[in-house]
Amino acid sequence: MAVRPIVIAGDPVLHRPAALVTEFDEDLRTLVQDMYETNEAANGVGLAAPQIGVGLRIFVWKMENQDGVPVQGHVINPTVTTSRIPRERPDPREETEGCLSVPGESFPLKRAATAHVVGFDVDEQRVEFDATGWFARCMQHEYDHLNGTLYIDRLDDRQSKKARKAVKRNGWGKPGGTWMPGVDPDPFGHDEDVDHEHEHAHSEGM
């Protein structure tokens with residue numbers, strides 16, 4: 001088990017659909033454990049396999065929720081369906097999102113209020129639950145990663161322009177960019193005393 005580097009926007013693995021997992025073996029268990037450790041070290045609430053350079057349909061989370069779902073978990077080969085996404089503009093005070101693969105940046109984004117998640121665990125047992133609120137946002141964010149979509153790809157025109165400027169300013173948008181949780185400075189400014197499980201996306205990465 002190990003903490004792995006997190007891939008930054010611009011690397012092709014983040015911008016193409018991930019492949020289905022076909023082998024439920026010890027290598028898969030190791031990968032999921034590495035994802036847990038990497039997410040923890042990065043102070044994240046969620047992490048998808050493409051974010052550590054692995055193009056497989058897996059994501060993990062560590063997030064308090066009101067839905068009776070374990071605080072920490074994983075899902076393999078998931079399907080996520082949602083309620084309707086409201087058309088109004090997102091509230092930047094309440095609906096700002098961050099991403100470990102767009103480190104240190106955050107932008108407001110409207111998401112569906114609920115998400116239904118179905119998939120499998122490492123033992124190939126069915127996983128199914130409903131998520132609401134910020135937990136639903138996390139599920140949508142991670143599922144997007146598995147389909148080659150970053151949250152900055154979903155921003156409205158005004159916020160998308162800001163995101164493009166941030167990518168250019170940081171020298172991203174090309175293959176090979178990474179940062180190392182636990183070694184590089186935390187891009188979202190966490191320290192050891194911060195409650196990393198607080199459901200507030202503008203201070204968390206997914």
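> Help me understand the overall build of the chain, please; the structure alone is not making it clear to me.
Tallying secondary structure elements over the chain gives three helices and nine strands in all. Taken against the 2.2 N^0.38 rule, which gives 17 Å for 206 residues, the C-alpha radius of gyration of the chain at 16 Å falls within 12% of a compact globule. Along the longest, intermediate and shortest principal axes, the C-alpha atoms of the chain span 45 × 35 × 35 Å. For the chain, the proportion of its 206 residues judged to be buried stands at 51%. Contacts spanning at least 24 positions in sequence make up 71% of the contacts within the chain whose residues lie at least 6 apart. Here the chain displays about 9,900 Å² of accessible surface, and carbon together with sulfur accounts for 47% of that area. For the chain, the centre of its 22 positive side-chain charges and the centre of its 35 negative side-chain charges are spaced 13 Å apart.

> What's the story with unusual backbone geometry in this structure? I'm lost.
For residues besides glycine, phi is generally negative; the peptide bonds are generally trans as well. Even without a glycine there, the phi angle at Asn 77 is positive, about 50 degrees. Tracing the chain through its elements places Asn 77 in strand S4 (residues 72–82). Residue Asn 77 is classed as buried on the basis of its relative accessible area, which comes to 16%. Positive phi, normally seen in glycine, also occurs at Glu 124, with a value near 65 degrees. Position of Glu 124 relative to the elements: it lies in the loop between strand S7 (114–120) and strand S8 (126–132).

> I tried to follow the pairing of S8 on my own but got confused; where do I start?
Only one face of S8 is buried: it carries Val 127, Phe 129 and Ala 131, and the other face, with Arg 126, Glu 128, Asp 130 and Thr 132, is open. In the sheet, S7 pairs with S8 via seven bridges, with the strands oriented antiparallel. Its bridge partner lying in S8, Ala 115 is registered against Ala 131. Taken together, S7 and the strand that follows it, S8, pair antiparallel across an intervening segment of five residues, in which Glu 124 is found at a positive phi of about 65 degrees.

> So what exactly am I meant to see when it comes to the pairing of S7 here?
The side chains of a regular strand alternate between both faces of the sheet. Note: S4 against S7, five bridges, orientation antiparallel. In the strand pairing of S7, Thr 79 is matched with Val 118.

> Even after reading the chapter, I still don't get the environment of Phe 24, so can you show me in this structure?
Along the chain, the position of Phe 24 falls in the loop between strand S1 (6–7) and helix H1 (26–41). On the accessibility criterion, Phe 24 (22% relative accessible area) is partly exposed. The spatial distance from the C-alpha of Phe 24 to the C-alpha of Gly 182 is 29 Å, given a sequence separation of 158 residues. Each residue touching Phe 24, except ones within four places of it in the same chain, is listed here: Ile 76, Asn 77, Phe 120, Asp 121, Val 122 and Glu 124.

> Which parts of the structure should I look at to understand the packing of aromatic side chains?
Two aromatic rings are characterised by how far apart their centres lie and by the angle between their planes. The tally for this structure, following the rule as stated, stands at five aromatic pairs. For the ring pair Trp 61 and Phe 135, a centre distance of 5.9 Å and an interplane angle of 65 degrees mean the geometry is edge-to-face. Highlighted residues: Trp 61 in strand S3 (residues 58–62) and Phe 135 in helix H2 (residues 133–146), separated in sequence by 74 residues. You can call Trp 61 buried: its relative accessible area is 3%.

> Teacher, can you tell me more about the pattern of salt bridges here?
Charged atoms that come close allow side chains of opposite charge to pair. What the rule picks out here adds up to 14 salt bridges. With its nearest N and O atoms 3.3 Å apart, the salt bridge here joins Arg 93 to Asp 91. For Arg 93, a relative accessible area of 65% corresponds to the exposed category. You can call Asp 91 partly exposed: its relative accessible area is 24%. Across the salt bridge formed by Arg 111 and Asp 144, the nearest N and O atoms sit 2.9 Å from each other. Pair noted here: Arg 111 is in the loop between strand S6 (106–108) and S7 and Asp 144 is in helix H2, with a separation of 33 residues, a long-range link. The pair Arg 111 / Asp 144 is uniform in exposure class, with both members buried. Because the salt bridges share partners, they merge into one network encompassing Glu 97, Arg 111, Arg 137, Asp 144 and Arg 154.

Calculation notes
Residues numbered from 1 in each chain as written. Predicted model: local features only at pLDDT ≥ 70, side-chain atom pairs only at ≥ 80, totals over all residues. Heavy atoms only, no water. Helix = DSSP H or I, 4+ residues; strand = E, 2+ residues; numbered from the N terminus. Rg over C-alpha atoms; globule rule 2.2 N^0.38 Å. Buried < 20%, exposed > 50% of the residue type's maximum accessible area, 1.4 Å probe, protein only. Contact = heavy atoms within 4.5 Å. Areas by Shrake-Rupley, 256 points an atom, 1.4 Å probe, with all protein chains shown as cover. Lys, Arg positive; Asp, Glu negative; His and termini not counted. Charge placed at Lys NZ, Arg CZ, Asp CG, Glu CD. Pairing = 2+ DSSP bridges. Phe/Tyr/Trp six-rings, centres within 6.5 Å; stacked < 30°, edge-to-face > 60°. Salt bridge = Lys/Arg side-chain N within 4 Å of Asp/Glu carboxyl O.

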